[in-house]
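What follows is the residue order along each chain.
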Amino acid sequence: MAFNLAKCCFDSELPDVLDSVIQKCTDPGCCCGCCSALRPRYKRLVDNIFPVNPQDGLVKNNMEKLTFYSLSSPEKLDRIGEYLFQRASRDIYRRRNGFVVIAMEAMDQLLVACHAQTLNLFVESFLKMVQKLLESTDPQLQILATQSFVRFANIEEDTPSYHRRYDFFVSKFSSMCHSNHNEPELRDKIRVAGIKGLQGVVRKTVCDDLVENIWEAVHMDKIVPSLLYNMQNSRYHVKEADTPEPPQEEHADPPTLAETCMRELVGRASFGHIRCVLRPVLRHLDLHELWVPNQFALHTFRIIMFSIQAQYSYTVIETLMSHLDDNSKSNPKIRTSIADVLSKIISIAAGESVGPSVLEIINSLLSHLRLSVTREDPSDEPQAQRAEKLYQEALINALGEFANHLPDYQKIEIMMFIMSKVPYPALDHLRGFNGPGDVLLQNILLKSLLKVGTKYQTIHFNTTFPMSFLEPLLRMSLAADPDMRLLVQKILHTLIDRHHNLEKLLKPTVNIGDLELVLEKSSRPDIIFIRKHGPEIYRSLYESLEQANNTVENIEAVYTTLALLCVELSSEETVMEMLRLVVSIQDTALTNGSLSAAQKYNLHAVVVSLLVLIPNVVPITPLMEYAEKVIEARRNAGANHLLPELLVHYDPDVCLSPSQLGPDVLVDQVAVTESLKGAGFDVSRLQQVTPYGAGGPPGVNVGHRHSWVETGMRTSVADLNSFQVEVDSVSSSPGVQKKHPEEELTFESMKKLLSEPPESAKEAEEERRLQLSETFRTADFHDLVDRTHANNDILQNKLNEIFSKLSTGLSDGIRPPATPTPGTKQDNDPLHSNNPPTYEVLFPELFVY
């Protein structure tokens, strides 16, 4: 009996010198109370907090004594923690869970109450106890341990612990997040505990750089998938919202808590760590095939974009695009879903993208579009082609959404950048393209340009249309494909329309008063722009109407462009050029043999619609009256096919040509001129022959329409006029035409040149050029030959006159030096007496200097 009592009350091991006597038995069945005074005080205090019956809970009075002792003697904390751990370990082994709960509660209270430099030693015992509880198979003990760990995670320690590791806790909490317990209620509790545990680990490690790096792949590959696994059952991603609301803390369901933890994890990530979070997200979506449908993927990335630090948001876009590169050979549906997610979240990152990152994102999107075009095969099944089209549309939408949230100056740069990527046809658009792939790529890139253009608000045309952007755009307006030309016109519509008149001007109409157009006087920069670039724009639109494969949509689109230009540039200075273009379009409808009858009727309807629109925009009452007269004449003549609306087919038995209907149904240039004169306009420009059919408008280099004779004559005359050679007089010089007064290089002419406005000289020169151009365009071939020979005859006569004077001088004893040339003989050679002398040979004018 004595032996058993000694064995019960005393331990054979003596832990330290201070406790060298005895240890009290921790067995509640022990009846010994005589040796309590021999035990250390901290052990007596720890033992006293445990009741006889575990259902009674922690003895609060004794717990207060233990807390006071710990605060008074902080060096004893590590021993108190170790002793509590030993008691809890024995209770776990003996399945006395009540005492385990009491021990855990005591450690929690000590942990919260004691803040000392020696707390690290106590924490080691605390974490050992938490780990011991997590290793048990009892779910309640696991939940209890997790709650204690979360309380510990919220404590800010004064000194970091370099040796503390959390590998076990990350693995255990992650496994709890995937709990498949049979009871749904208990399963949710275990999962919630696991999520809270992961949240505690993140909070404990992410704030201190000296502790374990939680951003390593070995940890993120466990934490992120565990959170996503619980988020999959969330009801929030079913309802798509612009800005997901942060879930409330009171909701205890795993999906809600997992979203909260994900937000906190992403929000704490720095620039170097954000990709560590994104990689497991993308891998989880790939492995669990969550891209199609993409509601959950979209919801996840919305959470990421709204939680991440704003300056790092474009990193998400880059990572997602890189993932799209990796899936370039995947199913089109997967690529479309990824691109759709990109289009939905890219606007969030646009506001923080500056400098090169903007063009990098745009270039990456364009590269994916180009790759998609090259992948598309006409021999593919219709379903595969449809899937590829959806993928391209998703990329275009992403491009538009990204541009929509950028400042205007960056939108212009993007449009210029896209335009630089468009493969151009040859300079002569009649040669066509290099292949069908180029046509498809042009179509896709122009759609992208249109998408960006819809997000841009034009203020000044000279800013919106720099020459490096306007010139290739006008070139594409003459593409061989009618769909391509239609896209270019839509781009022009979007960029020209500043007052939202586009919807009102989509169709030609003569009832302009019913449209209620929004008009505003043109600014000076806009007038300067149309003066400088108007000829190129009008010529491109004119030539676009000459295309034989134009559809009704193409003609209507060109009308809309012209109408918008007329409305946006409503000024008396722009009326003349617009009317000249209107007359040119009518001439094309009358003379162009490559157009069908329906196309010609459509052009006549466009002409009368523009003729009515111009005096409504710029009030010109006589012109308005004349336009109404033309409309009335057409209606009286039954020529409704020459009025809007435009049709694809016309009945040839009913619809007569304008030549059969008489001149009253046509727009008379003389009548238009008189109407403008009556309104006080200067009609000198309108009286000139319209340039659009012969050589193009002023300032446009269209040398392929000029005759070589015109160029040669102009060059020769300019060369001859650059010298003042006198033999007998200026008029005797060969080929020198009589100069105009303003061309004389005298003091009076220079004074006149300085005092008079330069426009008059330019207009006079322009008038001469247009007359010469019209002559060579319309005159008969024999008349041109006679005219050319007549000029050459004048030159030849002058040469004969000069050489005859030289011959006379020779007979008088004046002998010039001999200038023999190879292949020539003396004139007295009988074999060559029939050949004319060299100076009588008729040289072409181009070779005369």
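A quick note: this is a predicted structure, and the numbers were derived from the prediction, not measured.

Thresholds applied
Residues numbered from 1 in each chain as written. Predicted model: local features only at pLDDT ≥ 70, side-chain atom pairs only at ≥ 80, totals over all residues. Heavy atoms only, no water. Helix = DSSP H or I, 4+ residues; strand = E, 2+ residues; numbered from the N terminus. Buried < 20%, exposed > 50% of the residue type's maximum accessible area, 1.4 Å probe, protein only. Contact = heavy atoms within 4.5 Å. Areas by Shrake-Rupley, 256 points an atom, 1.4 Å probe, with all protein chains shown as cover. Core = buried A, V, L, I, M, F, W, Y, C linked by side-chain atoms within 4.5 Å. Axes fitted to C-alpha atoms, helices over the stretch in contact; angles between N-to-C directions. Parallel < 35°, antiparallel > 145°, perpendicular 65-115°, else oblique. Salt bridge = Lys/Arg side-chain N within 4 Å of Asp/Glu carboxyl O.

Q: Give me the overall build of the protein chain: which residues, what numbers.
A: The number of helices and strands found in the protein chain is 34 helices and 0 strands. Among the 849 residues that make up the protein chain, the fraction classed as buried is 48%. Pairs at least 24 apart in sequence give 72% of the contacts found in the protein chain among residues at least 6 apart. For the protein chain, the exposed surface amounts to about 43000 Å²; the carbon and sulfur share of it is 54%.

Q: Account for the side chain of Ser675, with residues named and values stated.
A: Secondary-structure assignment places Ser675 in helix 29 (residues 669-678). Note on Ser675: relative accessible area 9%, which makes it buried. Those residues in contact with Ser675 that lie beyond four places of it in its chain are Pro622, Leu623 and Tyr626.

Q: Quick rundown of the nonpolar core? Include the residues and the values.
A: Core analysis: the largest hydrophobic core is formed by 206 residues, its most contacted members being Leu84, Phe301, Phe465 and Leu676. It is helix 26 (residues 597-617) that contributes the most residues to this core, 11 residues altogether. When neighbours within four sequence positions are excluded, Leu676 is seen to be in contact with Met576, Leu579, Ile620, Leu623, Phe681, Val683 and Leu686. Counting 9 residues, the second largest nonpolar core, distinct from the first, contains Tyr601, Leu661, Val665 and Leu666.

Q: Describe the environment of Ala633, and please don't skip the residues or the numbers.
A: Residue placement: Ala633 occurs in helix 27 (residues 621-636). Spatially, the C-alpha atom of Ala633 lies 9.9 Å from that of Gly662, the residues being 29 residues apart in sequence. In contact with Ala633, not counting residues within four places along its chain, are Asp664 and Val665.

Q: Which residues make up the packing of helix 9 (residues 184-206) against helix 11 (residues 254-268), and what values go with them?
A: One can describe the packing of helix 9 onto helix 11 by two numbers: an axis separation of 9 Å at closest approach and a directional angle of 10 degrees. Accordingly, the angle class assigned to the pair helix 9 and helix 11 is roughly parallel. Contacts between helix 9 and helix 11 involve Asp188, Arg191, Val192, Ile195, Lys196, Gln199, Val202, Arg203 and Val206 from the first element and Pro254, Leu257, Ala258, Thr260, Cys261, Glu264, Leu265 and Arg268 from the second.

Q: Describe in detail the pattern of salt bridges, supporting the description with residues and values.
A: Scanning all chains against the criterion turns up 17 salt bridges. As a salt-bridge pair, Glu264 and Arg203 come within 2.8 Å of each other at their nearest N and O atoms. Pair noted here: Glu264 is in helix 11 and Arg203 is in helix 9, with a separation of 61 residues, a long-range link. Given a relative accessible area of 16%, Glu264 falls into the buried group. Residues Glu264 and Arg268 are paired through a salt bridge, measuring 3.2 Å at the closest nitrogen-oxygen approach. Linking Glu264 with Arg268, this pair stays in helix 11, spanning 4 residues, or about one helical turn.

Q: Run through the side chain of Gln586, naming residues and quoting values.
A: Within the secondary structure, Gln586 is located in helix 25 (residues 572-591). When near neighbours in sequence (up to four residues on either side) are disregarded, Gln586 contacts His604, Val607, Arg634, Leu666 and Val667.

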